[in-house]
Amino acid sequence: MKSYRKIAAGLLLLTTALPAAASAHPPIAAEAAAANFEQDRADILAMAGNYRVSFNMQESTRWDPAYEVLDPKRSGGNEVVRVIEDTGRKISLQHMLVITGDDDKSFIIKHWRQDWEYEPAKLLVYSDRNAWTWEDVPERMGTGRWSQTVYQVDDSPRYGGWGQFETQGGVRRWRSNWTWRPLARRDAVRNPVYDRYLSINRHQPSPDGWVHWQDNTKMGTKDGKLVPIVQEYVLNTYIKYDQYDVKAADDYWAATKDYWAAVRAEWDRVAVTKGGIAIEEKADTGTVISGRLLEMADEVQDKKLTTAKAIAEAKKLIEANTRKI
């Protein structure tokens, strides 16, 4: 089981104070925001479903002449996306990878989560190594916009941004402001000369599913200053597909959803009471408690551990391993 987690972790995007990011878009009139609200919601909810996903990563322009550009990397898998919360102004989507072993047995890897919130006053953003802090959305830019906060496999934060839905050239998409993010595992395990990304994030529906496109500037510190090292483009394509063991993912979620709801609530509590989330991360695992939090979910599903006991241990782990900011 652990070997499958290591394989799947390679598909996952993981982790001096960073300057605030900006947006190229002007403020949205209240009338236009109201007119587009339901379409915005529909586009977010449409990302739920059963998919075959391709992950395509390519470094392009090197900004540091001494840097050697990596070869393009491609991978893929079967991924289930489910709506786990919808209050109208907040939508939460949980991703789960379905991996089939040599014995044709399916293994479920709880993958990333994306939370969408309409017109938020603030959001949790990556601010430095091992730290995520609260950032206010500029008041003049709040109307009609949605934030997207992305979480790692253990429901700890990864990055957050805010932006708007728009239609250009007949294609409707959501585009974020510039956001800071920690290194993905695929980069972090190489101990590269850069240590974070400055990125723009786009989500757009397609006739076959949807597309997640990222423009990442990989940044490193030289002489005490953050400088660009290399540009990377990431295109993740979600194509509707259900010719795999979708039921295994739904069974996993049915067995563990109460546990994971409590884990999310505890991360939320810590973020409020400690001024954000500060926790040590490792290149190969994400947070230092990620492995145990995931393992307990498996034990709950296998009935080796009760949900109540798993929740109690998870709360202790999160509290003990986070610090005030």
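Shown above is the structure to which this text applies.
The following refers to the structure shown. None of these values were measured; they are calculated from a predicted model. (Residues numbered from 1 in each chain as written. Predicted model: local features only at pLDDT ≥ 70, side-chain atom pairs only at ≥ 80, totals over all residues. Heavy atoms only, no water.)

Quick look at the nonpolar core now. Ranked by size, the top nonpolar core spans 37 residues in total, and within it Tyr-259, Trp-260, Trp-267, Ile-277 and Leu-293 carry the most contacts. Where this core is concerned, the elements lending two or more residues are β3 (90-100), β5 (122-128), α4 (246-273), β14 (276-279), α5 (290-301) and α6 (307-321). Per-element tally for this core: the top contributor is α4, with 12 residues. Phe-55, Trp-116, Tyr-118 and Trp-174 belong to the second largest nonpolar core, which has 23 residues in total. (Core = buried A, V, L, I, M, F, W, Y, C linked by side-chain atoms within 4.5 Å. Buried < 20%, exposed > 50% of the residue type's maximum accessible area, 1.4 Å probe, protein only. Helix = DSSP H or I, 4+ residues; strand = E, 2+ residues; numbered from the N terminus.)

Read across the open sheet, the four strands follow the order β5-β6-β14-β17; overall the sheet is antiparallel. Edge positions in the open sheet fall to β5 and β17 (322-323), since each of these has one partner strand only. Of the strand pairs in this sheet, strand β6 (residues 131-136) and β14 are connected by three bridges, and their pairing is antiparallel. The residue bridging Ala-131 from the neighbouring strand is Ala-278, located in β14. (Pairing = 2+ DSSP bridges.)

The next thing to look at is the packing of aromatic side chains. Aromatic ring pairs are reported here in terms of the distance separating the ring centres and the angle at which the planes meet. Counted under the stated rule, the structure contains 13 aromatic pairs. Measuring from ring centre to ring centre gives 6.3 Å for Tyr-51 and Trp-210, while their planes differ by 90°; the resulting arrangement is edge-to-face. Here Tyr-51 is found in strand β1 (residues 49-62), whereas its partner Trp-210 is found in strand β12 (residues 209-222), with 159 residues between them in sequence. A relative accessible area of 1% means that Trp-210 is categorised as buried. (Phe/Tyr/Trp six-rings, centres within 6.5 Å; stacked < 30°, edge-to-face > 60°.)

Among the seven residues in β5, five count as buried, and that is most of the element. The sheet contact formed by β5 and β6 spans six bridges and is antiparallel. Bridge pairing in β6 places Val-125 opposite Thr-133. Where β5 folds back on β6, the antiparallel hairpin that results is connected by two residues, among which Asn-130 adopts a positive phi of roughly 70°.

Now for the environment of Ala-66. Looking at where Ala-66 falls in the secondary structure, it is placed in the loop between β1 and β2 (73-86). As for Ala-66 and Ile-229, which are separated by 163 residues in sequence, their C-alpha atoms are 9.0 Å apart.

Right, let's get into the environment of Tyr-238. In this structure, Tyr-238 sits in strand β13 (residues 225-240). Sequence spacing of Tyr-238 and Val-98 is 140 residues, and the spatial spacing of their C-alpha atoms is 14 Å. When near neighbours in sequence (up to four residues on either side) are disregarded, Tyr-238 contacts Tyr-51, Arg-52, Val-53, Glu-79, His-95, Trp-112, Asp-208, Gly-209, Trp-210 and His-212. Only 3.5 Å separates the side chain of Tyr-238 from the side chain of Glu-79, close enough to count as a polar contact. (Contact = heavy atoms within 4.5 Å. Polar contact = N/O pair within 3.5 Å; in protein donor to acceptor, adjacent residues only side chain to side chain.)

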